[in-house]
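# Per-entry structural report
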Amino acid sequence: ILNVEQSPQSLHVQEGDSTNFTCSFPSSNFYALHWYRWETAKSPEALFVMTLNGDEKKKGRISATLNTKEGYSYLYIKGSQPEDSATYLCASAGSGNTGKLIFGQGTTLQVKP
Amino acid sequence: EPEVTQTPSHQVTQMGQEVILRCVPISNHLYFYWYRQILGQKVEFLVSFYNNEISEKSEIFDDQFSVERPDGSNFTLKIRSTKLEDSAMYFCASTRGGPSYNEQFFGPGTRLTVL
């Protein structure tokens, strides 16, 4: 059974702080690891799709790394801003390449001005 | 920018009634999905759909559920006889190709409340 876990569950930081959170996933039959940002009352929005061990992706102040051998990914936010407040979801693509995503429970980030 | 749309935003129904949740995926996308999130729980996969047939479904997706792409633009999820435990936020998503390797575009969700 594929199980994706995220930590911490929630995080409160001050504006300007840098932060990171973790996603762990089963390393066997790995296809891809997705990160989404989900703001309240909006649609989840894709940040990254990562497939290669050691991969690192960056979008502005947000970056992510991937370790497929040990089954974890880190998401980093540098210099957090209030607009970064959201729930960050990771999801592992299941085997079979049907696009089925298995989600973690999310990390809710609150950035205080 | 193209987006996935869903209607209605909120549906209230009585237990045992049929509901149809509607989605309009992005027009050049080929793979379509339904997910749901019961309050306080993880987002969970229901079904994936490609080339007018189900490509994968979860254990949740039993005979009470069905999906259809009736006219080349809409993608619907039907629950034949709703149960209290079907109350959740239902999300539609679509992707253009290489389903596991490409980002999925999500709609804003339909909140289903079963009384």
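Please read these numbers as outputs of a predicted model, since none were measured by experiment. (Residues numbered from 1 in each chain as written. Chains lettered and ligands numbered in written order. Predicted model: local features only at pLDDT ≥ 70, side-chain atom pairs only at ≥ 80, totals over all residues. Heavy atoms only, no water.)

## Overview of the overall build of chain B
Scanning chain B for helices and strands turns up zero helices and 11 strands. Its C-alpha atoms give chain B a radius of gyration of 13 Å, within 12% of the compact-globule value 13 Å for 115 residues. For the C-alpha atoms alone, the extent of chain B along its principal axes is close to 40 × 30 × 30 Å. Taken across its 115 residues, chain B has 46% of its residues classed as buried. Per element, the accessible surface of chain B, about 5800 Å² overall, is 45% carbon and sulfur. Averaging the positions of the 10 positive and the 14 negative side-chain charges in chain B gives two centres separated by 2 Å. (Helix = DSSP H or I, 4+ residues; strand = E, 2+ residues; numbered from the N terminus. Rg over C-alpha atoms; globule rule 2.2 N^0.38 Å. Buried < 20%, exposed > 50% of the residue type's maximum accessible area, 1.4 Å probe, protein only. Areas by Shrake-Rupley, 256 points an atom, 1.4 Å probe, with all protein chains shown as cover. Lys, Arg positive; Asp, Glu negative; His and termini not counted. Charge placed at Lys NZ, Arg CZ, Asp CG, Glu CD.)

## Brief notes about the pattern of salt bridges
Counted under the stated rule, the structure contains seven salt bridges over all chains. With a closest N to O distance of 3.9 Å, Lys 42 of chain A and Glu 39 of chain A form a salt bridge. The exposure class assigned to Lys 42 of chain A is partly exposed, which follows from its relative accessible area of 47%. Overall, the relative accessible area of 23% leaves Glu 39 of chain A in the partly exposed class. Arg 61 of chain A serves as the salt-bridge partner of Asp 84 of chain A, at 2.8 Å between the closest nitrogen and oxygen. Of this pair, Asp 84 of chain A sits in the loop between strand S8 (72–77) and strand S9 (86–93) while Arg 61 of chain A sits in the loop between strand S6 (56–59) and strand S7 (62–67), placing them 23 residues apart in sequence. Sharing partners across several salt bridges, the network here consists of Arg 36, Glu 44 and Asp 86 of chain B. (Salt bridge = Lys/Arg side-chain N within 4 Å of Asp/Glu carboxyl O.)

## Here's the deal with the side chain of Ser 85 of chain A
Residue and element names in this part refer to chain A. Tracing the chain through its elements places Ser 85 in the loop between S8 and S9. Taking the relative accessible area as the measure of exposure, Ser 85 reaches 18% and is therefore buried. From its side chain, Ser 85 meets the backbone oxygen of Pro 82 in a polar contact 2.9 Å long. Aside from chain neighbours lying at most four places away, what touches Ser 85 is Glu 39, Leu 109, Gln 110 and Val 111. (Polar contact = N/O pair within 3.5 Å; in protein donor to acceptor, adjacent residues only side chain to side chain. Contact = heavy atoms within 4.5 Å.)

## What about the state of the cysteines?
All names here are of chain A. Using the criterion set out here, one finds two disulfides over all chains in the structure. Covalent S-S linkage joins Cys 23 and Cys 90, the inter-sulfur distance amounting to 2.0 Å. Across the disulfide from Cys 23 to Cys 90, rotation about the S-S bond amounts to roughly 80°, and the bridge is consequently right-handed. You can see Cys 23 sitting in strand S3 (residues 19–24) and its partner Cys 90 sitting in strand S9, a full 67 residues away along the chain. In this structure Cys 90 comes out as buried when scored by relative accessible area, which is 0%. (Disulfide = S-S within 2.5 Å.)

## Section: the pairing of strand S4 (residues 31–37) of chain B
All names here are of chain B. Of all seven residues in S4, six are buried; the element is thus mostly enclosed. Connecting S4 to the next strand, strand S5 (residues 43–50), in antiparallel fashion are five residues, including Gly 40 with a positive phi near 85°. The pairing of S4 with strand S9 (residues 88–95) spans seven bridges and is antiparallel. From the neighbouring strand, Tyr 35 faces S9, where its bridge partner is Phe 91. (Pairing = 2+ DSSP bridges.)

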